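One-letter residues, chain by chain:
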Amino acid sequence: MARVVILGAGVSGHTAASFARRWLGPEHSVTVVSPKPTYNWIPSNIWVGIGLMPERKVVFDLAPIYAKAGIEFHQAAAVSIHPEGRAEDRSPFVTIESTEAATKGKTQDLRYDYLINATGPKLKFEATPGLGPHGGHSLSVCTESHATEAAKALDVCTERMRRGERQRFLIGTGHGSCTCQGAAFEYAVNLEFELRKRKVRDKAEIVWISNEYELGDFGMGGLHLKRGGYVTPSKIFTESLFAERGLEWITRAHVQEVQPGRAFYETLDGGQHQIDFDFAMLLPPFSGVPLKAFDRAGEDISDRLFAKNGFMKVDADYSGKPFEKWKASDWPRTYQSPAFDNVYAVGIAFAPPHAISQPRTSARGTSISPTPPRTGQPSAMIGKVVAGTIVDRIQGKSVAPRAASMAEMGAACVASAGANPFTGTAASMVVYPIVPDFERFPQTGRDTNLTYGEIGLAGHWIKILLHHMFLHKAKLRPGWQLVPE
Amino acid sequence: MEVSTQSEGKPPARDVWKASQSGKFATLPTGWTRFCRIFLPYQIWRFAMINLKMLRIIWKGHH
């Protein structure tokens, strides 16, 4: 009997657990550890944050789904990994701490034969003083409860605008090292559409602020699309979308502090600025979750498993070569830890070998550049591939580990730009590969025959379709395995 | 900071002059482009085409 333990029940962890359970016989166990009792389909949090969808439509309880599927579930946070076990018992294990109300704080050791770290990000609001909804002065849509709070604040602003007051909405990233610009982008354009629907757009000023060098970077160094006989950068595409909707933008910005109604930020040229707001939705930077690793003797070996930012090191090139020298082949393929061959990291939990967007530092020495995204479709694909590799190993198949390099896979992304079945739109984007490969595609790093984008109502329909399809899949309803990642 | 203004419930003003005033010099869609974005027969066609493009990418990622 083999024990597969998965830390995290986000997109990648949940996908890995679902496929591992499906492919493994009942003699093997699959266990999921997650600090939250629910699964959250995060892409639809945008609609919750606008007030178009209640929280309950984007979350569901994991326990009954896992009970039905034969997956053991622990509502707990992973505290430490012990890949060498103890002196008296060399079975590797993880220590978890319960987050359930009845047993809160109680620790337990879970033995594993294979471990998948799918812990996702720690939302590092504390990196910017005053950032975030927990004691700070800005909002977020990173979790379903954050999004609900944002929707309530939006209602308050709407009432003020109906009374004739002007309101400024500041949307974007709350730190110079943020990723996930795409989510903030979706929120900004959906907000604009919703304010028009509420007939208060003329009272609203929407300002985008981000750490991107140019609009449309999205942490991927931007992308190039074939349009009208030209290969056009996503900067043009995104600026057009913003200008058409009357959104102002501030780029190359590191938010230094958020005070009630005022944000202070630094720009790449070293300039110090401030902007007043009535509503701020600013995403936090991410780091790895605080997870330690110890050897058999109890010595801390976290630096062997984790990079400095807390993400887990896998089969990538972490030699720290200059940005200009990196290659697509530096990116991981199997997501196996180089330190322990039965440990893997998937989704946001793995440490990217380098930035995709050109790293830049301000005149004052502040790093202001996006970090690489690892969410959504690639997360799910990586989770499935790692589950497959582990199943192959358990079943004793002498085959090469399965591979899913982000430099060899594409991603489809649909960014909602207004939710209405007849007048809504969304930006549908397809990018191949996700990580540019300048050896295969010297001009732009990507295949311009496959990389593609357009705005239209069809994209909104696809977004709705994806919402229902992926929730169907996540709930492990009949035929779930046929829904592609 | 300048921002486009509009009458209640209508889309914001869209003209090249205003976009260029903020120093952004953004490309703006023509009326035809905006019409096509929500023209049902065309969008049904685009729905099929975009799905095919996405499936192609997904297939490439799995093989």
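Cut-offs used in this document
Residues numbered from 1 in each chain as written. Chains lettered and ligands numbered in written order. Predicted model: local features only at pLDDT ≥ 70, side-chain atom pairs only at ≥ 80, totals over all residues. Heavy atoms only, no water. Helix = DSSP H or I, 4+ residues; strand = E, 2+ residues; numbered from the N terminus. Buried < 20%, exposed > 50% of the residue type's maximum accessible area, 1.4 Å probe, protein only. Areas by Shrake-Rupley, 256 points an atom, 1.4 Å probe, with all protein chains shown as cover. UniProt positions renumbered as here; feature names shortened; annotations may be inferred. Axes fitted to C-alpha atoms, helices over the stretch in contact; angles between N-to-C directions. Left-handed = near helix turned anticlockwise from the far one by under 90°. Contact = heavy atoms within 4.5 Å. Nonpolar A, V, L, I, M, F, W, Y, C, P; charged D, E, K, R; others polar. Salt bridge = Lys/Arg side-chain N within 4 Å of Asp/Glu carboxyl O. Arc of directions from axis to C-beta. Pairing = 2+ DSSP bridges. Right-handed = clockwise from strand over helix to strand, strands pointing away.

The name an unreviewed UniProt entry gives chain A is Pyridine nucleotide-disulfide oxidoreductase, with Saltatorellus ferox as the organism.

(A) Fine view of the overall build of chain B. Scanning chain B from N- to C-terminus turns up 3 helices and 0 strands. Tracing chain B from N to C terminus, the helices and strands come up as α-α-α. Residue burial in chain B is summarised as follows: out of 63 residues, 27% are buried. Total accessible area computed for chain B in this model is approximately 4,200 Å², and 64% of it derives from carbon and sulfur atoms.

(B) View of the UniProt feature "domain: FAD/NAD(P)-binding" (unreviewed entry) in chain A. Here the UniProt-annotated "domain: FAD/NAD(P)-binding" (unreviewed entry) positions come out as residues 3-154 of chain A. A distance of 47 Å separates the end C-alpha atoms of residues 3-154 of chain A, which is 25% helix and 30% strand.

(C) Structural context of the packing of helix α1 (residues 11-23) of chain A against helix α8 (residues 377-394) of chain A. All names here are of chain A. As a packed pair, α1 and α8 sit with axes 7 Å apart at the nearest point and diverge in direction by 35°. Between α1 and α8 the crossing geometry is right-handed. Counted together, Val11, Ser12, Thr15, Ala16, Phe19, Ala20 and Trp23 of α1 and Ser379, Ala380, Gly383, Lys384, Ala387, Gly388 and Val391 of α8 form the full contact between these two elements. A breakdown of the residues in the contact of α1 with α8 according to their chemical character gives 8 nonpolar, 5 polar and 1 charged.

(D) Quick peek at the pattern of salt bridges. Residue and element names in this part refer to chain A. If you walk through the whole model with that rule in mind, you get 31 salt bridges over all chains. Two residues, Lys292 and Asp300, come together in a salt bridge whose shortest N-O distance is 3.5 Å. For Lys292, a relative accessible area of 42% translates into the label partly exposed. Residue Asp300 is classed as partly exposed on the basis of its relative accessible area of 39%. Salt bridges sharing common partners tie together Asp155, Glu194, Lys197 and Arg198.

(E) Representation of helix α3 (residues 62-69) of chain A in the model. All names here are of chain A. Three or more residues of α3 are buried, namely Leu62, Ile65 and Tyr66. Within α3, the buried residues cover an arc of 95° as seen down the axis, which keeps them to one side. Facing away from the buried side of α3 by more than 90 degrees, the exposed set consists of Ala67 and Lys68. Here the buried face of α3 lies against α1, β2 (29-34), β3 (38-40), β4 (59-61), β5 (72-82) and α9 (457-474). A positive backbone phi angle near 85° is found at Gly70, which sits one or two residues after α3.

(F) Inspection of the pairing of strand β1 (residues 3-7) of chain A at higher detail. Residues and elements named next belong to chain A. Extensive coverage of β1 is indicated by the burial of 4 of its 5 residues. Pairing of β1 with β2 involves 5 bridges; the strand directions are parallel. The residue of β2 that forms the bridge with Val5 is Thr31. With respect to chirality, the unit in which β1 leads through α1 into the neighbouring parallel β2 is right-handed. Sheet topology places β1 next to strand β8 (residues 114-117); 4 bridges connect them, and they run parallel. Across the sheet, residue Val5 finds its bridge partner in β8, namely Leu115.

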